[in-house]
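Observations on chain architecture
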Amino acid sequence: MSEDLHILLVNNASETRLQLRSLLEKAGHPNISEAACSRSASQILRSLPVDLLITEIDIPGLDGWRLSRLVRSGVFKCKSDIPIIVVAKTWCERIAETTAREFGVNAMLAMDHLPKLGQVVRNCLSLPEETLRRPRALVVEDNPDTAEIARRVLRHRFEVEIAVDGSAGLAAWTARRHDLVLLDTMLPEMSGPEVLREILRIDPSQPVVVMTAFSSVDLAEDLMLEGAADFIAKPFLADQLRRVCELATRREDYLVSNAQFASRVNQVKERTEAYRKISEDHQRLLDNLNTIVLELDQNGEIQFLNRAWTKLTGFSLAYSLNKPLAAFLPQDVEGVAKWLQPLLEGKIHESQGELRLLDKQGEALWVEYRLGAVPSADRGRAIFGCLDDISERKRTQKQVEYLSMHDSLTGLHNRHYFENELRRLAATSARGKGSHALVFLDLDHFKVINDNFGHQHGDALLRELGQLLKSRLRLSDTLCRLGGDEFGILIPAADKAQARLVAEEMTQLILGHRVEIDGQETGLSCSVGISEVNGKFANPEEYFKQADIALYVAKRRGRNRIQIYDPKDKENDELRTSLDWVRRLRRAVDEDRLKLYFQPVMHIASGKIVHYEALVRLDLPETGIALPQEFIPALERAGEMALLDHSVIRKAILHLKETPELQRVAVNLSAQAFGDEELVPLIEKQLRDQGVEPRRLMFELTESASIANIAATQRMIKQLNELGCEFAVDDFGTGFSTFGFLKQFPAEYVKVDGSFITHLDRDPIDQVLVRSMSEVARALNKKTVAEFVHNENILNLVQSLGIDYAQGFHIGKPLPLAELQFPPAPLLQIN
């Protein structure tokens, strides 16, 4: 039974013994003893019955061969014929097999083939006599005396078989394939040379020793040329025969071993060539990388680099290798050592960041590094990593940082930088470190220069004035372009009086600066607002507002003035409110919080919705939806209605593009729109860019605003009519000389003011007025729209009075676009 089989493992490596034990136990052999040296193995063999020995060749004390020899000699308690298996790390198969045969070893097993151990054990246990057999020799000799002499000489070394003629000898060899053939040349029936040729035809490696008479030495030479291993002349001496046969056997071992060795050498050459090719391929790959690949030893010295290093730095690889990396860095050597030390000590396993390299010209280059440390057998810990050139990225970052803090037109600091500096100065004042001054300077009527001479000349003038102002300020002062034609100055450690002196100098500079453009000379002036940064406010924006208010006051009081913010000035409160709304509007536009609500306008006769009026709302984070009456008066006082007009037009045209169901939208224009020369080009561009038909966009102008500037109104309406847009007079009936004005006003629609409609069902005078307006409009070929139609009675009345269209809560409330419900039928087309 395999469980009863006692196996002795002899190996000086505990890991190998553990591996062998595991394989044997899996094969069903649990009864195992272990020895780490030959002395321990001898003690076990003397004291315990061992059934199988597995040993390494190289063991302390006796080697595996001699230990096997002792077993076979019978000096131990075990049987002398127990199976012996030698496990070897490295070996030459033929030499090992021959040696094993000499020392009575049953099987050889390489470490690479350890998983076969179970099968080898089974083979040794089932065929022990096969694994221990002596070499076989076949003597083919027809002379009985000579054959007997050969048998006696060779019997101690070989198992000898005799064949009396050539045919019998060839048959015996064919059946048993002897390790050695001793062949007489002169044989009956089939001659020795014929037997030799047939054997070598079948197995060219078979060792054959031919026996010849002294007179046939030439024949022996011929037979050796045909493949015989050796020859011996008869009569021969015993030692002579023994030596020739041994050499013949060894010769085969040598030839096979030599072939095996040559094969190993070729394999090594092939692997070496393969590794060389892989190495060259990898080197080519590394050399074609733009990334620098490097290796540092534990002293921070460079051990490997690819050619990207030379491309970037200009230093050759030969020059750079074995030099400390610190030699190529602008940082101090101790700093680099401290930087690498955590990696070398194993405190961290990888590191990444940015550093500067010095190229061959001494210029600094920025690189991004990624380093890792691994144990190195001969150098403690080695650092491997790569460096990527980020110089261009750094230059771009620097440029972006510069642009984020500077005005691209003038090169001065910009609003963002100004606000940061104001925040810093406000913080110092809050800590009781004195007051500072904030000065806003706005060029008067600069728009005239842009309109008359073009923006190119206007931009050149802004650059010129920026440098002029900067030349008169201290290094500690901060001059910024805040936008458009507005400049800001921060004056540290200054009160209002000192700020006024600076402002006066700036205004005189601008007044004295004569500008000649295209042969025409023109002068400039500016308005200035000043506030004191005194630490009283937690929010620095309050100082900004104060200077802004003071600037607006200076403009309203005639321009070319210096105004210091005075909290007791009532005009400031009104301006503060207006400017607050201006800031809220700008923020709402930037954050897409300007919303359009849409109220339907119905064709009374058909009952169909023909278009929608766009009504603006501001969605403010702090208070919610703000209605027009809350912010439009403030924007008008601040002169900022153009921003609202432009923003509403952009959004309305975008909605028309994205929502075809809207069909047509009416947009209200402010009174300031008539003086806005950018408005018509903006409308034309937006319609073209969004691909919206002009006929889908109409505009409404209040009667009072239109009367205030009839010439400008007529000019604008003419321009927009030429684009394909139509107009309506809003709030009709509230102005003076209404009917006479209507005759001059080229509008397609007249919207009767809601004050005449709200009480129409209870006020006969309103009914008379509405009928009159309807009749006049019809006489002038204009369509009428009644506002504030809030119930069915009023709707029936306006229809009876000749009104064409109705708008009001009874028709539909103003709703955001997402809440509108469009009628399923196509909308009525208006001609």
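Structure report, in brief. From a predicted model like this one, the values you see are computed outputs, not experimental measurements.

1. Some remarks on the sheet that holds strand β1 (residues 7-10)
On the basis of which strands lie adjacent, the open sheet formed by 5 strands has the order β2-β1-β3-β4-β5 and parallel pairing. Edge strands, defined here as strands with exactly one partner in the open sheet, are β2 (32-35) and β5 (107-110). Direction aside, neighbouring strands of the sheet carry axes that sit 20° apart on average. Relative to β2, β1 runs parallel, the two being bridged by 4 bridges. The partner of V10 across the bridge, within β2, is A35. Set on the sheet, helix α3 (residues 64-73) makes contact with β1, β3 (52-56), β4 (84-88) and β5; between it and β3 the angle comes to about 160°.

2. A look at the pattern of salt bridges
Enumeration over the complete set of coordinates arrives at 36 salt bridges. Between R201 and E198 there is a salt bridge; the shortest N-O distance is 2.5 Å. Of the two residues, R201 and E198 are both situated in helix α9 (residues 192-202); the distance of 3 residues between them amounts to about one turn of the helix. Given the relative accessible area of 56%, R201 is considered exposed. A salt bridge links K718 to E722; its shortest N-O distance comes to 2.7 Å.

3. Some remarks on the packing of aromatic side chains
A full pass over the atoms with the stated rule returns 11 aromatic pairs. A ring pair is formed by Y319 and F328, whose centres lie 6.5 Å apart and whose planes are at 80°; its orientation type is edge-to-face. Of note, K323 hangs over the ring of Y319, and the distance from its end group to the ring centre comes to 4.1 Å. When the ring centre of F809 is taken as origin, the NZ or CZ atom of K813, which lies over that ring, is 5.6 Å away.

4. A closer look at helix α29 (residues 792-800)
Within an α-helix, residues lying three or four positions from one another point in the same direction, as the helix has 3.6 residues per turn. Taken as a whole, α29 has its buried residues at I794, L795 and V798. End-on view of α29: buried residues confined to an arc of 105°, all on one side of the axis. Measuring from the side-chain oxygen of the N-cap residue of α29 to the backbone nitrogen of N793 gives 3.1 Å; that N-cap residue is N791.

5. Considering helix α8 (residues 166-176)
Within α8 the residues assigned to the buried category are G166, G169, L170, A172 and W173. On an axial view of α8, the arc spanned by its buried residues comes to 165°, and they lie on one face.

6. Considering unusual backbone geometry
Cis geometry marks the peptide bond from K234 to P235, where omega comes out at -5°. The residue P235 is located in the loop between β10 (230-234) and α11 (238-288) in this model. Of note in the backbone geometry, H445 takes a positive phi value of approximately 55° without being a glycine.

7. Thoughts on the pairing of strand β23 (residues 594-603)
When you tally the buried positions in β23, you get 9 out of 10 residues, the bulk of the element. Relative to strand β24 (residues 608-620), β23 runs antiparallel, the two being bridged by 10 bridges. For Q599, the partnering residue across the bridge sits in β24 and is E613. Between β23 and β24, which pair antiparallel in sequence order, lie 4 residues; one of them, G607, sits at a positive phi of approximately 75°. By the bridge criterion, 2 bridges tie β23 to strand β32 (residues 815-816) in an arrangement that is antiparallel. Within the sheet, the bridge partner assigned to F598 lies in β32 and is L815. One ladder, built from 2 bridges, connects β23 with strand β31 (residues 805-806); its direction is antiparallel. Among the inter-strand pairings, M602 is bridged to a residue of β31, identified as A806.

Rules of the game
Residues numbered from 1 in each chain as written. Predicted model: local features only at pLDDT ≥ 70, side-chain atom pairs only at ≥ 80, totals over all residues. Heavy atoms only, no water. Pairing = 2+ DSSP bridges. Helix = DSSP H or I, 4+ residues; strand = E, 2+ residues; numbered from the N terminus. Axes fitted to C-alpha atoms, helices over the stretch in contact; angles between N-to-C directions. Contact = heavy atoms within 4.5 Å. Salt bridge = Lys/Arg side-chain N within 4 Å of Asp/Glu carboxyl O. Buried < 20%, exposed > 50% of the residue type's maximum accessible area, 1.4 Å probe, protein only. Phe/Tyr/Trp six-rings, centres within 6.5 Å; stacked < 30°, edge-to-face > 60°. Lys NZ or Arg CZ within 6 Å of the ring centre and 35° of its normal. Arc of directions from axis to C-beta. Polar contact = N/O pair within 3.5 Å; in protein donor to acceptor, adjacent residues only side chain to side chain.

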